[in-house]
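# Chain and residue survey
If you want the building blocks of each chain, they are given just below.
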Amino acid sequence: MHVLVTGGAGFIGSHTVLELLNSGHTLTVIDNFANSIPDSDGNAVSLKRVETISGKKIPFKKVDVLNVPQLEEVFKTEKFDAVIHLAALKAVGESSAKPLEYYINNLCGSLNLISLCKKYNVKNFVFSSSATVYGSPKSLPIREDAQTGPGITNPYGQTKHMIEQILIDIAKAEPEWNIVILRYFNPVGAHPSGLIGEDPKGVPNNLMPFVSQVAIGKLPVVKIFGNKFDTPDGTGVRDYIHIVDLARGHVSALDRISREGNIGLEVYNLGTGKGYSVLEMVAALEKASGRKIPTELSVPRPGDIASCYCDPALAAEKLQWKAEYGLEEMCRDLWNWQEKNPKGFAAE
Ligand code: WQD
């Protein structure tokens, strides 16, 4: 397929672009560099690395999904078979501080894109959603038919839930769409080459990039956000999934559309089905890095839930996809990326 990937220069985007290329798809990638870095020629540093790994050129355009004329120009110049929509602001804490920026960027950006897909008859649509839409799960492991919406504690999660509702209503009204909603759990790690990985701007919000920056000596200590949760060791439990497995889930979503034809709208959890605690994750990276990682107990983060991990059975059955990598490979590849790129992509 010829695929438009929005937000393709970021952590998830660059790994997804690589797996799409490895599977023979042709692409155009757009990004506004909100969560990625341009090189001196205005190309995405991460995608130049993907070109090195894949040996394939990547047509890239700096486009903001809020700029409709700029975005429409992309649809005017190429005929796409599918769109994979990753572009979004994604920091949970930041979204509580800047709700309007998140609603405008994530909702209006998605509405602009979906409207142009309709106008140019691109009806195969893969959407990057998040386990956050489940709020505080009533039972574990979480299945796709679990309640979503109530209990979402941040504007970021609200935007993902609202976009899911928009897509559900479109699919009901216009059955010719093929829409796959992918609910990511906690993506970590890096491509085994160590050429691409997670390169958060500023101090990392998420656990594992923070832990690896402490291991490399860039940050002093890992703050443990509470140890009184109802979990085996009291610290938060999450379903961490290797970024390469997550990226391959997008290829499987396109394969499902190709294989089945009219699927309407389907929702899949992209997780391993296994939960690990904060302390287990720190210990796993200590083992992978051979470094001692200092920690200190801190107050729980507002809105944080005790445990969140999925039942991945539906994706295994219908996407014919399951996570292949375990915790050891996640930490091995995360450390390999961190050691090879102590300053992230900025060193280019
Ligand atoms: C993981 C665990 C923290 C940092 C969020 C979004 C989700 C997705 C991933 C975008 C929790 C604990 C963390 C730290 C800590 N983002 N922690 N010290 O909150 O599960 O999910 O990011 O799609 O949508 O909701 O991920 O990595 O922030 O936290 O103790 O310095 O680590 O309390 O238990 P989270 P996280």
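By the naming in an unreviewed UniProt entry, the protein goes by UDP-glucose 4-epimerase and is assigned to Panagrolaimus superbus.

Taking strand neighbours across the sheet as the criterion, the three strands line up as 12-9-14 in an open arrangement whose pairing is mixed. A strand with exactly one partner marks an edge of an open sheet, and here the two such strands are strand 12 (276-277) and strand 14 (307-308). Relative to strand 14, strand 9 (residues 237-238) runs parallel, the two sharing two bridges. Looking across to strand 14, one finds that Val237 is bridged to Ser307.

Taken in spatial order, the seven strands of this open sheet run 3-2-1-4-5-6-11, and their pairing is parallel. Looking along the sheet, the strands with just one partner apiece sit at the ends: strand 3 (60-62) and strand 11 (264-270). Taking the axes of each pair of neighbouring strands and ignoring which way they run, one obtains an average angle of 15 degrees across the sheet. Across seven bridges, the pairing between strand 6 (residues 178-184) and strand 11 is parallel.

Phi is mostly negative for residues that are not glycine, and the peptide bonds are mostly trans. A cis geometry characterises the amide bond from Leu140 onward to Pro141, with omega recorded as -5 degrees. Inspection of the secondary structure assignment puts Pro141 in the loop between strand 5 (124-130) and helix 6 (155-173). Positive phi outside glycine occurs at Phe33, with the angle close to 65 degrees. Mapped onto the fold, Phe33 is located in the loop between strand 2 (26-31) and helix 2 (45-54). Among the residues examined, Phe33 registers a relative accessible area of 7% and is labelled buried. A positive phi angle, close to 55 degrees, is found at Asn121, a residue other than glycine. Relative to the helices and strands, Asn121 is located in the loop between helix 5 (99-119) and strand 5.

In this section: the site of the ligand. The local shell around the ligand holds 18 residues, among which Ser130, Thr132, Tyr156, Arg238 and Asp304 are the closest. A distance of 2.6 Å is found between an oxygen atom of the ligand and a side-chain nitrogen or oxygen belonging to Thr132. One nitrogen or oxygen atom from the side chain of Tyr156 is found 2.6 Å from an oxygen atom belonging to the ligand. Coverage of the ligand by the protein chains reaches 90% of its 680 Å² of free accessible surface. With three residues, the top contributor of residues to the shell around the ligand is strand 8 (residues 222-225). Taken together, the residues of the shell around the ligand sort by class into seven nonpolar, six polar and five charged.

Attention now moves to the state of the cysteines. Applying the stated criterion across every chain, the model contains zero disulfides. Cys308 carries a free sulfur, and the closest cysteine sulfur to it, the one in Cys310, is 8.3 Å from it. Classification of Cys308 as buried rests on a relative accessible area of 6%.

With respect to the helices, strands and loops of the structure, Phe225 is situated in strand 8. Each C-alpha atom, one on Phe225 and one on Leu297, is 6.6 Å from the other, the two residues being 72 residues apart in sequence. Other than its neighbours up to four places away in sequence, Phe225 contacts Ser298, Val299, Pro300, Arg301 and Asp304.

So, how was this worked out
Residues numbered from 1 in each chain as written. Predicted model: local features only at pLDDT ≥ 70, side-chain atom pairs only at ≥ 80, totals over all residues. Heavy atoms only, no water. Pairing = 2+ DSSP bridges. Helix = DSSP H or I, 4+ residues; strand = E, 2+ residues; numbered from the N terminus. Axes fitted to C-alpha atoms, helices over the stretch in contact; angles between N-to-C directions. Buried < 20%, exposed > 50% of the residue type's maximum accessible area, 1.4 Å probe, protein only. Near = heavy atom within 4 Å. Polar contact = N/O pair within 3.5 Å; in protein donor to acceptor, adjacent residues only side chain to side chain. Areas by Shrake-Rupley, 256 points an atom, 1.4 Å probe, with all protein chains shown as cover. Nonpolar A, V, L, I, M, F, W, Y, C, P; charged D, E, K, R; others polar. Disulfide = S-S within 2.5 Å. Contact = heavy atoms within 4.5 Å.

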